[in-house]
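# A look at the structure
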Amino acid sequence: MRKSVGVSVKPNGRTGVATLEGSVVEEAQGQAVAVNAGFRTLVIPGEPPSQPIPLKEEAELEMRVLAAIEGDRARIRGLIAPFNLLIVARETR
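### Some remarks on the sheet that holds strand E2 (residues 15–21)
Ordered in space as E1-E2-E5-E6, the four strands form an open sheet in which the pairing is antiparallel. Edge positions in the sheet fall to strand E1 (4–9) and strand E6 (53–54), since each has one partner strand and no second.

### A word on the environment of Leu61
Assignment of secondary structure puts Leu61 in the loop between E6 and strand E7 (62–70). Residue classification places Leu61 among the partly exposed positions, given a relative accessible area of 35%. Leu61 sits 17 residues away from Gly78 along the chain, and the two C-alpha atoms are 6.4 Å apart. For Leu61, the contacting residues outside a window of four places in its chain are Ile76, Gly78, Leu79 and Ile80.

### Points about the environment of Ala34
Secondary-structure assignment places Ala34 in strand E4 (residues 31–36). Through-space distance from the C-alpha of Ala34 to that of Val24 is 5.8 Å; in sequence the pair is 10 residues apart. What Ala34 contacts, discounting residues up to four positions off in sequence, is Val24, Val25 and Pro52.

### Things to note about a nonpolar patch on the surface
On the surface, Leu61, Met63, Leu66, Ile76 and Val88 cluster together to form a nonpolar patch covering roughly 430 Å² of accessible area. With respect to the helices, strands and loops of the structure, Ile76 is situated in strand E8 (residues 73–79). Given the relative accessible area of 45%, Ile76 is considered partly exposed.

### Quick notes on the pairing of E1
When E1 meets E2, the two strands line up antiparallel, connected through six bridges. Across the sheet, residue Ser4 finds its bridge partner in E2, namely Glu21.

### Section: unusual backbone geometry
Unlike most non-glycine residues, Gln29 shows phi in positive territory, near 55°. Along the polypeptide, Gln29 turns up in the loop between strand E3 (23–28) and E4.

### Describing the pairing of E3
Burial along E3 is one-sided: Val24, Glu26 and Ala28 are buried, while Ser23, Val25 and Glu27, pointing the other way, are not. Inspection of the sheet shows E3 paired to E4 by six bridges, in the antiparallel sense. Note that in E4 the partner of Ala28 across the bridge is Gln31. If you look at the hairpin formed by E3 and E4, you'll find two residues sitting between the two strands, and Gln29 has a positive phi there, around 55°.

Conventions and cut-offs
Residues numbered from 1 in each chain as written. Predicted model: local features only at pLDDT ≥ 70, side-chain atom pairs only at ≥ 80, totals over all residues. Heavy atoms only, no water. Pairing = 2+ DSSP bridges. Helix = DSSP H or I, 4+ residues; strand = E, 2+ residues; numbered from the N terminus. Buried < 20%, exposed > 50% of the residue type's maximum accessible area, 1.4 Å probe, protein only. Contact = heavy atoms within 4.5 Å. Patch = residues over 30% accessible without salt bridge, like charges linked within 9 Å, V, L, I, M, F, W, Y side chains within 5 Å. Areas by Shrake-Rupley, 256 points an atom, 1.4 Å probe, with all protein chains shown as cover. Salt bridge = Lys/Arg side-chain N within 4 Å of Asp/Glu carboxyl O.

See the structure below:
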């Protein structure tokens, strides 16, 4: 069976797993959760995996503050779902 799985690990250790095809099992803190096609789950360090929820077609960034700092620099403050990974200028945030 073919599997299409995405895994992202943020600097703070939060780990997101998403499955497009097939299924995988995510395990943490002695608890296992099956992540079937079309679902995603999240593991926060020291906690068991979250229950899987459906994947969204589009990731969203809720802008809270956008301010020019100087030159070509800007400050962006907002919210994204913990399952998503935000990359700005090739740096993970």
